[in-house]
Each structure stands twice: as structure tokens, then as C-alpha cells.
Amino acid sequence: MVSDVYYLAEGDDSMATNRKMTEWLLGELPVLVEKGVIGPEAAENLRRHYAETGEDAAAESGRSLALALAACGVLGAALVGLGVILLVAHNWDFMTRPERAVTAYLPLVAGIGLTGWAILFRPQSTAWREGSAVFLMASVGASIAMVSQTYHILSDMTGFLLIWMALTGPLAYLAGSHMVAAFYWVGLLFFAGNARSRYSVDALLYWPMAAAMLPRLWMARRANPGGPWELFLSWTLAICLCVAPPIMLAGVCRGLWILVYSGIFAIMHVAARWQNPTGGFGRAPFRAVGTVGVAVFALILSSRSTWTGISGWRVEYYTQFHWLLSFQDYALAFGLQAVALTLIAVNRAKRRFDQIPFGILPALALAGFALAANGRHSANDAVMTFNALMFNAYMLALGLWIMTSGIRERRLARMNGGLALIAMLTFARFIDSDLSIVARGVAFILLGVGFLVANATMLRRKEAAR
Amino acid sequence: MFLAFMAVAAAQLYVPASIIVRYEAILARGKTYKFRARPVDPYDAMRGRYVALGFDDATTVTVRGARYEHGETVYVTLAVKPDGYARFAEASRTPPASGDYVKTTMDWDYAGKNWGRVIVPFDRYYMEESVAPEAEKAYREHATRKRQDAYATVRVLDGGAVLENVYVEGQPIREFARTVRKEKTAGE
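Presented here is an overview of the structure given in this document.

### Some points on the overall build of chain B
Within chain B one finds three helices and twelve strands. When each of the 188 residues of chain B is scored for burial, the buried share is 45%. Pairs at least 24 apart in sequence give 67% of the contacts found in chain B among residues at least 6 apart. If you sum the accessible surface of chain B, you get close to 9,500 Å²; carbon and sulfur atoms cover 53% of it.

Spelled out as C-alpha cells, the structure:
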């Protein structure tokens, strides 16, 4: 943090110094031309060059200011909106029902007025559009909640959240608000969780409603590829997609979550190459989540206890599984598998072999699931051990591949990522094994020495190359 | 774009209004039923702003026809017991031809035994947070089997039901809680 602050301060200082030096140089140009040090043409070229650089800097500075203003606007609006919700939650007893109705409408009318004004008169101001739309979103929730409390009908949280999101989601498009889109995705998760806890089939509305906000991400990308709003929405969606399966899956058949998660992470890793394919993880949210997801999920599957928990094909027959919820479970599991396997085939056909180590996870998960589901009771032990060994081998191979490709491409972060994967695997196996403390100690020392030697060698090579 | 926004804004204004109109109509023209209260499961994450209500044997209903799924919409007729308190009587998939009924959802249908349980759509009584805890305590003390002097009045009209008030010792719970709080403050 301190170094970031220092870097920013240093950045500001250097910008100011550059500006001063440019002004000095431009002031010197007539003298230099007069003395014949440079020709008039060269002087003109220099003037033009620094004028363009100055415009670029001014535009960049303007964008930063707009973003900072938008952040302040959204924060202010969100705080006021939350305050309104809390005031409503107090549920003032002294008010009569008509007074409550008027009070419920006050923030709503203010929010509509502000957002309408922002759309009509401040369409270019991100701060106005984002801030007013977030405030209106909070107001709609507060207004419906207050009216529902008046008639004691707020126990139906599922209906409340559904109506709230359905009424405010369009603001993401109409007011051009990215924050509303993010809150909408998160709000939908709460709706789905609430509906699922009541075994309500309405939970399935989550998928089409969440998908309805995808064009907003595409629009943010089109407006400014790789820009802050695209990244913000991408991070939000990627994280929401990780949280959604345990909420949405009805659990009609044990172990389907293995197929769902392996599919989601592999697809995110392989298919998200449209987003900053060569840059760091910070600017490629889907690839970052997919990569970390594959690694962590492979680690989970490398544990024998994961497989013993799902052994045998077990379908739960309870009345609470509406047939649509059961269909959703199978559709998600096998649909995601189909997409992931197709992606692997496409990458293989296009000879993009670097995608295969991560993309192969769903195929292995499907094989493991099929074996575990078919496992007869007597053969269960062997199957569980085989599955666990398969994923230990996969994770080790993945770690070694990442590490060696990092060394080959001289990318320190990548090499260390591979090493970290191997370390994670080792750590996990040492936790659930019966090896003595001494043996574990020695293994960790060896692993640590490996880390240090690999890093030192890599740094030396980089130095030599320079 | 602005016209589309106006359409969305109109929907945002319409929803609270529709709730107000619907429930005001029930309060104005609905028939009043008394439901005897019973203690409720003490766990609830959102406590502090309302009193959670339970109703003595009111949720058990007669079920006829094909088995119901959990969460399925049902129409439940109301019956008044000899002691004057109401209870849910019979659940069906269509509204009854005559008499008052409440639209709600099925909780559990005990297959083959012709009875089941429905979810009560009026199980929370919202109050100001300063008195709600006191009111809840009073409710707990008075809804026990020994005392049984807590009950709720509910207005019912065309399948809709609104909780009108909750009474403890014959007094509205709001006033009861305030009196208890005043007595406590005076005692201190």
C-alpha cells in the first residue's frame, strides 16, 4: 500500500516535472532556431509533438477525473440510499397508513426525478447517471419494503427481491449505469438463494434474468475496451458465476456439482481469451477466476474424501424437487461439460495446445464422476483411490507444465504460479497423510529450497539476457 | 430512451400503489377472523423489527385429490371453531365456489393420509424497532398453552389476507408493549 502511494505520488511529480521541462524546451526553440542549432522544420515538428502529447495527457487526466467523480457520486448515492432504507426499516409507529404511503413515495419520486434529469440533461456525466440510478435502485427497494411492512407482508422476501430487481435492472441500460448492473447481479443471487431455501421453482428465473444483463458488459467493452467499467463488470460477473452453482443446484443427484464447477472454471479459462489475452490477471477477470478456479478445484478433487462423498449413483427422490429444478441440475452439468469439451476440441484443431492443460479438467472430472457413480459397493475403495490419484497426477502435471513454460518464456510470475500449485498439492497431501512431522518438515524445506533456487536461476538468466 | 425510462418509472410507481390499493380494500371490506396464537421457533435472523407469529393447529388442513408439491399454490377455506377462533380447513387447487378462502402455498402434503400443512401468509407483525423486542417478549409469555390469551385478527377478502392486529390480554400488542416499557422505566 505504502509503495502504491509512493508510486502515485512519484507519478504525479514526474508528470509535473515533464510539463515544466516541455514548457522550457518550447520556450528555448526560437533561440535554438536563431542560433542554427536546429532548423525551423525540426522546431515545428517538436512543437506539434509536444502539443499532441499534452492533449493526450489532458484527455487522460480528464478521464481519471471523470472516473473519480463517478466513484464519489456512486458512493454518495449509495450511502444516501442505504440511509433511506435504514430509516424505512425503523418502521415509525407514530405514522398513520396514509402518511406511510406518502413517505414511501418520497425517495422514489426523488430518485425518478434525479435519474430522469440525468438522462435528459447530463447524459455525458458518468457521476450523475451512475449516482442517480443507484439512488433510484435503493429507493425502489425502500419504497416497496415500507409499503409491505405497513401491511405485514414482507415475509415473502422472494417476491420482494424479484420485483425489486425486475423494476430496477432496466436502469443499467436506460441510465447507462454499470453499478446498477453489478448490484442487479448480486441482488439476483440473494433472490435465488431465498427462492431455493423455500424450494421454490421461481429460483430458475435467476438464469434468464442474469443473462439479460450480459449485453451491458458487452456495451461497456465496446465503449472502452479493457476500460475500468468492463473490468469491474467482468469481476462482478465472474465472482457471481462462482457463487451461483451452490445456490442454484437442487442437489437432485449427488456429485453433479463436480461437473458444473469443472465446466465453469475451464470455460472461463479457455473461452475468455477475448479479454486481454496477453496481459496480467488483474486486467483479465474471467481468465484469472478460471485459472485459480481450475487449480483450487483440481486440489479439491485430488482428495479421496471428495470422491467417497459421492460414491454410487444416488438420485434423491423428495417431493421438493420440482421437475424443472431437476432438469436444471442435469442441463447445467452436462451442458457445461459439452461446451467445455467442444472448446478443447476446437483448441486442439487450431493447434492451440497451451489451452489444453487447463481445459482438460472437465473431461477428467466427467471420467471420475462416471467411475464413482458406477462404483459397486465392493469396488468403491479402488475407484475412490483411482480418482484421487488421477487428480493428484493431473495437478502435479499442471504445476510442472506451468512452471516449465514459465521458465521457457522467462516469466517469473508464471513459474512461481506452477511452483505454488505443486506446493499446494504437497501441503494438502501432507495434511491428510500419516507421515511423521520430521518427514513433513524435510519435504517443506526441500520445496522451499526448490522455490529459492528456481527464482535465483531465473533472475540470473534474465540479468544475463539483459 | 427517455420514453422507455418513463415506462419503467411508471412501473416503479405502480407497484407500491397496487399493494396499497389491494390491501386497503381487504382492510376496508374483508371479513375479520381471529386466530389463536402459539409460541414460535425462537430462531430468526431478522428479528428485532417484527413479532414472529405462530397459530395453534391452524395450519393443518384436509387435502383431497392428487398429491401436492411443496410450494404449490393452494386455496384454503376457513372454518370457525366453537370457541370463536378460526382455522384453515381444506386445501384445493382452485378457489372454492363459496365462502372465504386464503390463497397461500403448500408446505407438506402427507401422502395418502389426506392431510397436510400450509404456509401462513401472515406470520409477521411489523413494529417500530424500539418496541418490537418488548412486544415479542409479551407475545411469548401470553401465547403459551397455559395462558393462551394472545391472538391475531386477520381480514380476508377474495383470497387475500391482511394481519390487522395482534392482541395480548385483550389489548393491542403495540399498546401493551408500550405500557410494559413505561412501567419498567417508572420502576427504574
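### Details of the pairing of strand S4 (residues 60-63) of chain B
Along a regular strand, successive side chains alternate from one face of the sheet to the other. Residues and elements named next belong to chain B. In S4, alternate side chains face the same way, and those of Val61 and Val63 are buried while those of Thr60 and Thr62 on the opposite face are not. Relative to strand S8 (residues 115-118), S4 is paired through three bridges, and the arrangement is antiparallel. When the sheet's bridge partners are listed, threonine 62 is paired in S8 with tryptophan 115. With two bridges joining them, S4 and strand S6 (residues 86-92) adopt parallel strand pairing. What sits directly across from threonine 62, in S6, is glutamate 90.

### Digging into the sheet that holds strand S5 (residues 73-80) of chain B
Residues and elements named next belong to chain B. A barrel is described by the order of its strands in space; here five strands give the closed sequence S4-S6-S5-S7-S8, paired in mixed fashion. For this sheet, the mean inter-axis angle between neighbouring strands, taken without regard to orientation, is 50°. For S5 and strand S7 (residues 101-110), the ladder comprises five bridges, and the chain directions are antiparallel. Each residue of the ladder has a partner; that of valine 76, found in S7, is valine 102.

### Some remarks on the side chain of glutamate 128 of chain B
Mapped onto the elements of the fold, glutamate 128 of chain B is located in the loop between strand S9 (124-126) and helix H2 (132-142). No salt bridge forms around the buried glutamate 128 of chain B; measuring N to O, its nearest opposite-charge neighbour arginine 178 of chain B is 4.3 Å away. In this view, glutamate 128 of chain B contacts His90, Asn91, Trp92, Asp93 and Phe94 of chain A together with Arg178 of chain B; residues no more than four positions away in its chain are not counted.

### A word on the packing of helix H12 (residues 285-301) of chain A against helix H17 (residues 380-408) of chain A
Two measures define how a pair of helices packs: the angle their axes make with one another and the distance between the axes. Residues and elements named next belong to chain A. Between H12 and H17, the least distance of the axes is 8 Å, while the angle of their chain directions is 150°. With respect to H17, the element H12 is oriented roughly antiparallel. H12 and H17 meet at a crossing whose hand is left-handed. Facing H12, whose interface residues are Val294, Ala295, Ala298, Leu299 and Leu301, H17 presents Asn387, Ala388, Phe391, Tyr394, Met395 and Leu398.

### Points about the pattern of salt bridges
Residues and elements named next belong to chain B. The full count for this structure, using the stated rule, is six salt bridges over all chains. One salt bridge in this structure joins aspartate 83 and arginine 36, with 3.4 Å as the shortest N-O distance. With a gap of 47 residues between them, aspartate 83 in the loop between S5 and S6 and arginine 36 in strand S1 (residues 31-38) connect regions that are remote in the sequence. In this structure arginine 36 comes out as buried when scored by relative accessible area, which is 15%. Among the salt bridges present, the one from glutamate 164 reaches arginine 155, with a minimum N-O distance of 3.0 Å.

### Description of the interface of chain A and chain B
Think of interface size as the accessible area that goes away when the parts come together; that is how it is often given. Contacts between the two partners involve 41 residues from chain A and, on the opposite side, 35 residues from chain B. Buried surface at the junction of chain A and chain B, both sides included, amounts to about 3,600 Å², of which 65% is carbon and sulfur. Counting across the interface, chain A meets chain B through one salt bridge. Here glutamate 24 of chain B ties to arginine 97 of chain A by a salt bridge, and the two come within 2.6 Å at their closest N and O atoms. Our enumeration of links across chain A and chain B arrives at six residue pairs in polar contact (both at pLDDT 80 or more). Sorting the residues of the side of chain A that touches chain B by element identifies helix H2 (40-90), helix H3 (97-121), helix H4 (126-150), helix H5 (157-168) and helix H6 (171-174) of chain A as the ones contributing at least two each. For the side of chain A that touches chain B, the leading source of residues is H3 of chain A, giving ten residues. When its residues are assigned to classes, the side of chain A that touches chain B shows 25 nonpolar, 13 polar and three charged.

### Things to note about the sheet that holds strand S3 (residues 54-55) of chain B
The pairing of strands in a sheet happens through backbone hydrogen bonds and is either parallel or antiparallel. Residues and elements named next belong to chain B. Ordered by their spatial adjacency, five strands build an open sheet running S3-S1-S10-S11-S12, and the pairing between neighbours is antiparallel. Because the sheet does not close on itself, it has two edges, and the strands there are S3 and strand S12 (171-172). Across six bridges, the pairing between S1 and strand S10 (residues 150-157) is antiparallel. Paired with threonine 32 across the strands is arginine 155, a residue of S10. Sheet strands touched by helix H1 (residues 2-29): S1, S10 and strand S11 (160-168). Its angle to S11, the strand with the most contacts, is close to 60°.

### Here we look at the packing of aromatic side chains
In total, this model carries 22 aromatic pairs over all chains according to the counting rule given. Measuring from centroid to centroid gives 5.0 Å for tyrosine 206 of chain A and tryptophan 207 of chain A, while their planes differ by 75°, and the two rings are edge-to-face. When the centroid spacing of 5.9 Å and the interplanar angle of 65° are considered together, the rings of tyrosine 85 of chain B and tyrosine 151 of chain B count as edge-to-face. Residue tyrosine 85 of chain B is located in the loop between S5 and S6, and its partner tyrosine 151 of chain B is located in strand S10; the two are separated by 66 residues in the primary sequence. Residue tyrosine 85 of chain B shares its accessibility class with tyrosine 151 of chain B, and that shared class is buried. One cation-aromatic arrangement involves lysine 34 of chain B over tyrosine 151 of chain B; the distance from NZ or CZ to the ring centre is 4.8 Å. Here the basic side chain of arginine 93 of chain B rests over the ring of tyrosine 68 of chain B, its NZ or CZ set 3.9 Å away from the ring centre.

### Quick word on unusual backbone geometry
Residue and element names in this part refer to chain B. Here the phi dihedral of aspartate 158 falls at roughly 50°; this positive angle occurs in a residue that is not glycine. If you trace the backbone, aspartate 158 turns up in the loop between S10 and S11. With a relative accessible area of 61%, aspartate 158 lands in the exposed category. In this structure, glutamate 169 takes a positive phi of about 50° despite not being glycine. Structurally, the position occupied by glutamate 169 is in the loop between S11 and S12.

### A few points about a nonpolar patch on the surface
All names here are of chain A. A cluster of nonpolar side chains, namely Trp257, Phe281, Val292, Val296, Ile300 and Met424, defines an oily patch on the protein surface of about 470 Å² accessible area. Here the element with the most residues in the nonpolar patch is H12; it accounts for three residues. By the secondary structure assignment, isoleucine 300 is in helix H12.

### Some words on the pairing of S5 of chain B
Residue and element names in this part refer to chain B. In the sheet, S5 pairs with S6 via five bridges, with the strands oriented antiparallel. Bridging across to S6, tyrosine 75 finds its partner in serine 92. If you look at the hairpin formed by S5 and S6, you'll find five residues sitting between the two strands, and glycine 84 has a positive phi there, around 95°.

Calculation notes
- Residues numbered from 1 in each chain as written.
- Chains lettered and ligands numbered in written order.
- Predicted model: local features only at pLDDT ≥ 70, side-chain atom pairs only at ≥ 80, totals over all residues.
- Heavy atoms only, no water.
- Helix = DSSP H or I, 4+ residues; strand = E, 2+ residues; numbered from the N terminus.
- Buried < 20%, exposed > 50% of the residue type's maximum accessible area, 1.4 Å probe, protein only.
- Contact = heavy atoms within 4.5 Å.
- Areas by Shrake-Rupley, 256 points an atom, 1.4 Å probe, with all protein chains shown as cover.
- Pairing = 2+ DSSP bridges.
- Axes fitted to C-alpha atoms, helices over the stretch in contact; angles between N-to-C directions.
- Lys, Arg positive; Asp, Glu negative; His and termini not counted.
- Salt bridge = Lys/Arg side-chain N within 4 Å of Asp/Glu carboxyl O.
- Parallel < 35°, antiparallel > 145°, perpendicular 65-115°, else oblique.
- Left-handed = near helix turned anticlockwise from the far one by under 90°.
- Buried area = accessible area lost by both parts, 1.4 Å probe.
- Polar contact = N/O pair within 3.5 Å; in protein donor to acceptor, adjacent residues only side chain to side chain.
- Nonpolar A, V, L, I, M, F, W, Y, C, P; charged D, E, K, R; others polar.
- Phe/Tyr/Trp six-rings, centres within 6.5 Å; stacked < 30°, edge-to-face > 60°.
- Lys NZ or Arg CZ within 6 Å of the ring centre and 35° of its normal.
- Patch = residues over 30% accessible without salt bridge, like charges linked within 9 Å, V, L, I, M, F, W, Y side chains within 5 Å.

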